[in-house]
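What the coordinates show
Listed here are the chains, written in short residue letters.
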Amino acid sequence: MKHPPAIFWLSLMLAFQLSAADPVFSGPQPGEATTPFKSVEIIGAEAGQERDVVTLNNGAPTLLVFVHGIERSILPLMRALDDYGAKFKDRLKTDFVFLAAERVGGMEKYAPALNSIKLKGRATLSLDGAEGPGNYGLNKECLLTIIAAKDNKAQASFALVQPGIADAERVIGAVAKMIGDEKPPTAAEISATQPQRGGMTPENGKRPMAQGKDPFPGAVPTDDKLQSMLRRYIRKENDDATIDRMLQDVRDYIKDNDELKKQAADGWTRILHFKDVYGTPYAVKQGQAFLEELKKP
């Protein structure tokens with residue numbers, strides 16, 4: 001089943017501010033089937049082994065999280081879902097399914113981050129490319145598509161363009177209802193168990209990833225105008241002429257400003273790392289040339 005197209009700008013790692021005029025649809029909606037699909041283990045002793053998680057779970061309550069792109073800003077939500085799944089592992093299966101254009105590149109891209117995150121749930125790479133399983137109707141504008149399923153049917157569906165810890169309460173609430181957890185955690189309780197940047201984890205007292213450290217190269221620009229330019233640049237509907245014009249606008253804007261040039265270099269480094277998710281092939285090609293230009297002394 002195909003869902004209506006969403007009218008949104010492609011999200012760049014939560015840091016970008018998006019506004020939505022219409023609801024976003026992604027993945028099976030409540031009552032629709034969660035059909036079998038193939039994926040492959042990304043890390044661990046069974047890395048490289050193919051799986052069909054729907055068939056393996058055999059209709060058991062499942063938290064199915066499709067990850068269209070991974071960024072530091074979405075990790076608290078992923079960890080919260082993973083922690084909840086681990087707490088109720090006797091009655092809930094938790095599967096994170098990552099998406100990439102091709103198998104080898106996807107494994108290489110996601111493995112370092114997953115080794116750092118250390119998810120308790122199963123982490124696999126879809127073998128259906130960046131679009132994901134064909135029957136699922138996944139929307140690439142959503143960094144996360146989350147399905148709560150039981151008896152191989154969706155019970156709840158969440159299409160998240162800008163995922164964040166603020167989404168955890170309603171997602172976990174839907175999963176709790178599905179598995180019969182009468183006292184799901186509140187938003188405050190969920191946040192209290194998540195690592196704070198540069199701080200401590202109240203739950204285990206361990207220091208999280210150092211502030212500013214990121215498993216991906218580059219960084220999101222902090223300059224609002226440059227950030228907006230980069231956001232527009234990665235839209236899939238841009239034609240070649242639009243890409244050329246946008247790059248010239250960026251050149252004109254950052255001219256003679258070393259700080260903006262550095263932010264631009266960091267921004268294009270980041271989106272080129274996720275070239276199978278963001279932008280057109282021409283945008284990737286021209287973006288690479290622009291990045292080389294920025295790196296010249």
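Keep in mind the model is a prediction, meaning the values are calculated, not measured. (Residues numbered from 1 in each chain as written. Predicted model: local features only at pLDDT ≥ 70, side-chain atom pairs only at ≥ 80, totals over all residues. Heavy atoms only, no water.)

1. Remarks on the overall build of the protein chain
Filter applied, for reference: Only DSSP runs of H or I covering at least 4 residues are called helices, and only runs of E covering at least 2 are called strands; the numbering of each starts at the N terminus. Exposed residues in this analysis have more than 50% of their type's maximum accessible area, buried residues have under 20%, and partly exposed residues fall in between, with area computed by a 1.4 Å probe over protein chains only. Using a 1.4 Å probe, accessible areas were evaluated by the Shrake-Rupley method; residue-level cover was limited to the displayed protein chains.
Broken down by element type, the protein chain carries nine helices and seven strands. For the protein chain, buried positions account for 49% of its 297 residues. Of the accessible surface of the protein chain, which amounts to about 14,300 Å², a share of 51% is contributed by carbon and sulfur atoms.

2. Side note on empty space enclosed by the protein
Which entries qualify depends on this criterion: Definitions used for this entry: grid spacing 1 Å over protein atoms alone; cavity, a set of points where a 1.4 Å probe fits but cannot get out; pocket, an open set with protein on both sides within 12 Å along at least 5 of 7 lines; lining residue, one with an atom within 4 Å of a point. Grid points are joined across faces, edges and corners, and a volume is the space filled by probe spheres set on the points. Basically, the charged four are Asp, Glu, Lys and Arg, the nonpolar ten are Ala, Val, Leu, Ile, Met, Phe, Trp, Tyr, Cys and Pro, and anything else, Gly included, counts as polar.
Under the defined criterion, the tally for this structure stands at three cavities of 30 Å³ or more. Of the voids in this model, the largest cavity is the one considered here, and its volume is about 90 Å³. The wall of the largest cavity is formed by 13 residues, among which T34, V54, T62, A149 and N152 lie closest to the centre. Those elements that provide at least two residues to the lining of the largest cavity are α1 (53-57), β3 (62-67) and β6 (144-150). Considering each element in turn, the lining of the largest cavity owes the most residues, three residues, to α1. Partitioning the lining of the largest cavity into residue classes produces five nonpolar, six polar and two charged. At the level of secondary structure, the elements contributing two or more residues to the lining of the second largest cavity comprise α8 (258-273) and α9 (281-295). Classifying every residue of the lining of the second largest cavity by side-chain character gives seven nonpolar, two polar and no charged.

3. With respect to the environment of N57
Heads up, the condition is: Polar contact is the term for a pair of N or O atoms within 3.5 Å; when the atoms are in protein, one must be able to donate a hydrogen and the other to accept it, and sequence-neighboring residues count only if both atoms are side-chain atoms.
With respect to the helices, strands and loops of the structure, N57 is situated in helix α1. Among the polar contacts listed, one links the side chain of N57 to the side chain of R122, at a separation of 3.1 Å.

4. Some remarks on the nonpolar core
Let me state the cut-off plainly: For our purposes a nonpolar core is just a set of buried Ala, Val, Leu, Ile, Met, Phe, Trp, Tyr and Cys residues, chained together by side-chain atoms within 4.5 Å. Residue contacts follow a heavy-atom distance rule, with two residues in contact if any of their heavy atoms lie within 4.5 Å.
One finds I70, M78, F98, L144, I146, Y233 and W268 to be the most contacted residues of the largest nonpolar core, which totals 66 residues. A total of seven residues in this core trace back to one element, the largest contributor, which is helix α4 (residues 168-179). Ignoring any residue separated from it by four or fewer positions in sequence, one finds I146 in contact with L63, L64, V65, L81, A156, S157, F158, L160 and V171.

5. Describing the pattern of salt bridges
Selection criterion: Salt bridge, as used here: a side-chain nitrogen of Lys or Arg that lies within 4 Å of a carboxyl oxygen of Asp or Glu.
All told, the structure shown has nine salt bridges when counted by the stated rule. Between D83 and K120 there is a salt bridge; the shortest N-O distance is 2.7 Å. You can see D83 sitting in helix α2 (residues 75-87) and its partner K120 sitting in the loop between α3 (103-117) and β5 (122-126), a full 37 residues away along the chain. Among the residues examined, K120 registers a relative accessible area of 55% and is labelled exposed.

6. Describing α9
Which entries qualify depends on this criterion: Helix span, expected: 1.5 Å multiplied by one less than the number of residues in the helix. The arc in question is traced by the directions running from the helix axis to the C-beta atoms.
Between its first and last C-alpha, α9 extends 21 Å over 15 residues, near the 21 Å set by a 1.5 Å rise per residue. Regarding α9, the residues found buried are A283, V284, G287, F290, L291 and L294. The buried residues of α9 occupy an angular sector of 130° when projected down its axis, which confines them to one face. The outward face of α9, more than 90 degrees from its buried face, is lined by the exposed residues P281 and K285. In the core, the buried residues of α9 are packed alongside α6 (224-233), α7 (240-254) and α8.

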